[in-house]
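Chain residues, written in single-letter form:
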Amino acid sequence: MNKHVKISAENVSKEFIQKGTQRVPVLKDISLQVFDQELLVVLGPGQSGKTTLLRIIAGLEKPTQGRITLDGEEIRGPGPDRGLVFQSYMLFPWKTVEANVRLGLEMAQVPKEKHAETVRHYLDLVGLNGFEKYYPHQLSGGMKQRVGIARAFSTQPKVMLMDEPFGQLDAQTRLFMERETERIWLSDKRTTIFITNNIDEALLLGDRIVTLEGKLPGRMKKSYEVNLPRPRDPMDMEFLKLRHTITSEQELTL
Amino acid sequence: MAYQTVKARKSLKLRVLPWLSLTAVILIWQFCVSPPGVNDWRIPGVLLARPYDVLLLGIEKLTDVNPDGATLLVHAWVSLQESLSAFLLSLLVGIPLGLMMGWFGVVRGLFRPVFEMWRPIPPVAWIPLAIFWFGIGMEGKIFIIWLGGMTPCIINAYMGVKTTNPVHIQMARTFGASDWKIFTSICIPSALPMVFGALQIALGNCWTTLVAAELLASDQGLGYLITAGRSIGRTDIVVLGMISLGITGVIISQIIYRIEAKLLAGIRR
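What counts, and at which threshold
Residues numbered from 1 in each chain as written. Chains lettered and ligands numbered in written order. Predicted model: local features only at pLDDT ≥ 70, side-chain atom pairs only at ≥ 80, totals over all residues. Heavy atoms only, no water. Helix = DSSP H or I, 4+ residues; strand = E, 2+ residues; numbered from the N terminus. Rg over C-alpha atoms; globule rule 2.2 N^0.38 Å. Buried < 20%, exposed > 50% of the residue type's maximum accessible area, 1.4 Å probe, protein only. Contact = heavy atoms within 4.5 Å. Lys, Arg positive; Asp, Glu negative; His and termini not counted. Charge placed at Lys NZ, Arg CZ, Asp CG, Glu CD. Pairing = 2+ DSSP bridges. Axes fitted to C-alpha atoms, helices over the stretch in contact; angles between N-to-C directions. Salt bridge = Lys/Arg side-chain N within 4 Å of Asp/Glu carboxyl O. Polar contact = N/O pair within 3.5 Å; in protein donor to acceptor, adjacent residues only side chain to side chain. Phe/Tyr/Trp six-rings, centres within 6.5 Å; stacked < 30°, edge-to-face > 60°. Lys NZ or Arg CZ within 6 Å of the ring centre and 35° of its normal.

Draft legend 1. Up close: the overall build of chain A. Within chain A one finds 7 helices and 10 strands. For chain A, the C-alpha radius of gyration of 18 Å lies close to 18 Å, the compact-globule estimate for 254 residues. Seen through its C-alpha atoms, chain A measures out along the principal axes to roughly 50 × 45 × 40 Å. When each of the 254 residues of chain A is scored for burial, the buried share is 52%. At a minimum sequence separation of 6, the contacts of chain A that also span at least 24 residues come to 70%. Distance between charge centres in chain A, computed from 36 positive and 33 negative side chains, equals 4 Å.

Here it is as structure tokens:
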């Protein structure tokens, strides 16, 4: 199979300077390739630098060493070719659902005449039609994150970056949103990097799972192909076997 | 389905208490001051007027221009004009300046040192210069009151922008938003609650600076009424001026509070 490399990280390391003088290594020597139309899950415990990795790809942080390319071009800052879904939703409380998505289009300078149709399309896609005029505080956590997803999708980025998007949801809603993410992803196969600390979420969604080793600095541990048919059944024998393999090789607890 | 409408009411006690304390203060005041011409153990009338006399004077002053040259309503109207136009001017200048100082490094760099130097100088200290420049007309007073209103506008607008959620700004950056777009669509709305806080404070400042400005250079206005009362030894006129200032101040700040509550309904959630 001929795979086109979409994102490539080459020996990326990141250090933060804390309190002016303290060097905190967060990522060490990460090399990673993400292929076109792939849903890659980065699985790691807390304090493994996975959010930092995603923020470097989003261009919100600069790597201390190494570089990351998107379609062969080095990433030098944030841009609309990468859509980011935040863990904490990040909606504007003073704007309606519709206006929150439209603001993304305005900021990405999408021509005005396309706004109405694009907003409708992506709100339909995430199943929020009928809620256009609601304010964020009137929505449940799952619905808020749907707005976040619609907003990130609406500018048609080349890559979707999802930073533990369902970390704040209850278990039931979370499972439902994972199914929804799979449905949305299947509908246009946008290259996606999905960050999580939840192994079931990783197995349900990922084409491939990359694990980061816990305790800073985060290092690449292993990569697992998940060749199971979608939608996946968490009680399936193969699913459980792979789950066992990954857990035994990875300390998910702190 | 529409929700059932219910009228929420404060308990009787909570509604009565403010009136009770107000009435008590007035009664005690009335009782503790001697009537004119009486000399007993109470506070003599030359030091403080009784509320009842002030009320009578207030009613009389609605039509009578003596002894200070204008009716009460004219004084109030002059003061209102001065303070409100200065208030609006300070909003117009201070808020945009503060907002820009919060977001644009160049503006901050240029204005911050000047602002820090200017801030500790009380507006009243400008009175001599204001008289040289504008005379004792309305412009000079507006200038002084304007100085008093500027500080809270600048500081609050500045802080409002500074306390914008940084992740909101990062989010905007991932969409490739321009600096100007981030400023107008994210920083300004985030700063609004602080800016509205500034309206209340600035109005308070304008109203108090007003009295100072009128005490020193004026021939009309509530502050002048107080000065006039002092110079002819009439405590009832002094107290009438003070009370008029208080009541008018309460009315304006209530109006601003209502407007604020309406405009911010969406943001404060």
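Past the structure itself, the notes keep going.
Draft legend 2. Seen up close, the overall build of chain B. Looking only at helices and strands, chain B has 10 helices and 0 strands in total. When the helices and strands of chain B are read in sequence order from the N terminus, they spell out α-α-α-α-α-α-α-α-α-α. Relative to its length of 269 residues, chain B is extended, with a C-alpha radius of gyration of 24 Å against a globular reference of 18 Å. Within the span of chain B, comprising 269 residues, buried residues form 43% of the whole. Sequence separation of at least 24 residues holds for 67% of the intrachain contacts in chain B that already meet a minimum separation of 6.

Draft legend 3. Quick peek at the sheet that holds strand β4 (residues 65–70) of chain A. Residue and element names in this part refer to chain A. Spatially, the 4 strands line up as an open sheet ordered β2-β1-β4-β5, and their pairing is antiparallel. Strands with a single pairing partner mark the edges of an open sheet, and in this sheet they are β2 (22–35) and β5 (73–74). Alignment of strand β1 (residues 5–18) against β2, held across 10 bridges, turns out to be antiparallel. Bridge assignment links Glu 15 to a residue of β2, and that residue is Pro 25. Those strands touched by helix α1 (residues 50–58) are β1, β2 and β4, and its axis lies near 65 degrees from that of β2.

Draft legend 4. Inspection of the interface of chain B and chain A at higher detail. At the junction of the two partners, chain B supplies 19 residues and chain A supplies 23 residues. Taken together, the connections running from chain B to chain A amount to 1 salt bridge. Between B:Lys181 and A:Glu106 there is a salt bridge whose closest N-O contact spans 2.5 Å. Where chain B packs against chain A, one counts 3 residue pairs in polar contact (both at pLDDT 80 or more). Going through the elements one at a time, α7 (166–174) and α8 (179–216) of chain B are the ones with two or more residues in the side of chain B that touches chain A.

Draft legend 5. Here's a closer look at the sheet that holds strand β3 (residues 39–43) of chain A. Residues and elements named next belong to chain A. Ordered by their spatial adjacency, 6 strands build an open sheet running β6-β7-β8-β3-β9-β10, and the pairing between neighbours is mixed. Both edges of this open sheet fall to β6 (82–85) and β10 (219–225), since each of them pairs with a single strand only. Strand after strand, the sheet turns through a mean of 20 degrees between neighbouring axes, direction not considered. Relative to β10, strand β9 (residues 208–213) runs antiparallel, the two being bridged by 5 bridges. Opposite Leu 212, over in β10, you have Met 220 as the bridge partner. Each of β6 and β7 (159–163) touches helix α4 (residues 141–154); the most contacted strand, β6, lies at about 175 degrees to it.

Draft legend 6. Up close: the packing of aromatic side chains. Residues and elements named next belong to chain B. Taken as a whole and judged by the stated rule, the model has 14 aromatic pairs over all chains. Between the aromatic rings of Trp 133 and Phe 134, the centroid separation amounts to 6.4 Å while the plane-to-plane angle is 75 degrees, which identifies the pairing as edge-to-face. With 5.5 Å between their ring centres and 50 degrees between their planes, Trp 180 and Phe 183 make a pair best called tilted. Taken as a pair, Trp 180 and Phe 183 lie in helix α8 at a separation of 3 residues, close to a single helical turn. A residue is classified by how much of its surface remains accessible, and Trp 180, at 52% relative accessible area, is exposed. We classify Phe 183 as buried; its relative accessible area is 3%. Following the ring pairs from residue to residue traces out a cluster consisting of Trp 126, Trp 133, Phe 134, Phe 143 and Trp 146. In this structure, Arg 42 is placed above the aromatic ring of Phe 31, and the distance from its NZ or CZ to the ring centre is 5.7 Å. Seen from the ring of Trp 41, Arg 42 lies directly overhead, with NZ or CZ sitting 6.0 Å from the centre.

Draft legend 7. Spatial organisation of the side chain of A:Asn100. By secondary structure assignment, the location of A:Asn100 is in helix α2 (residues 97–107). In contact with A:Asn100, other than residues within four places in its own chain, are A:Leu91, A:Phe92, A:Lys95, A:Pro136, A:Val147 and A:Arg151.

Purely geometric stuff here, so don't read any function into it on its own.
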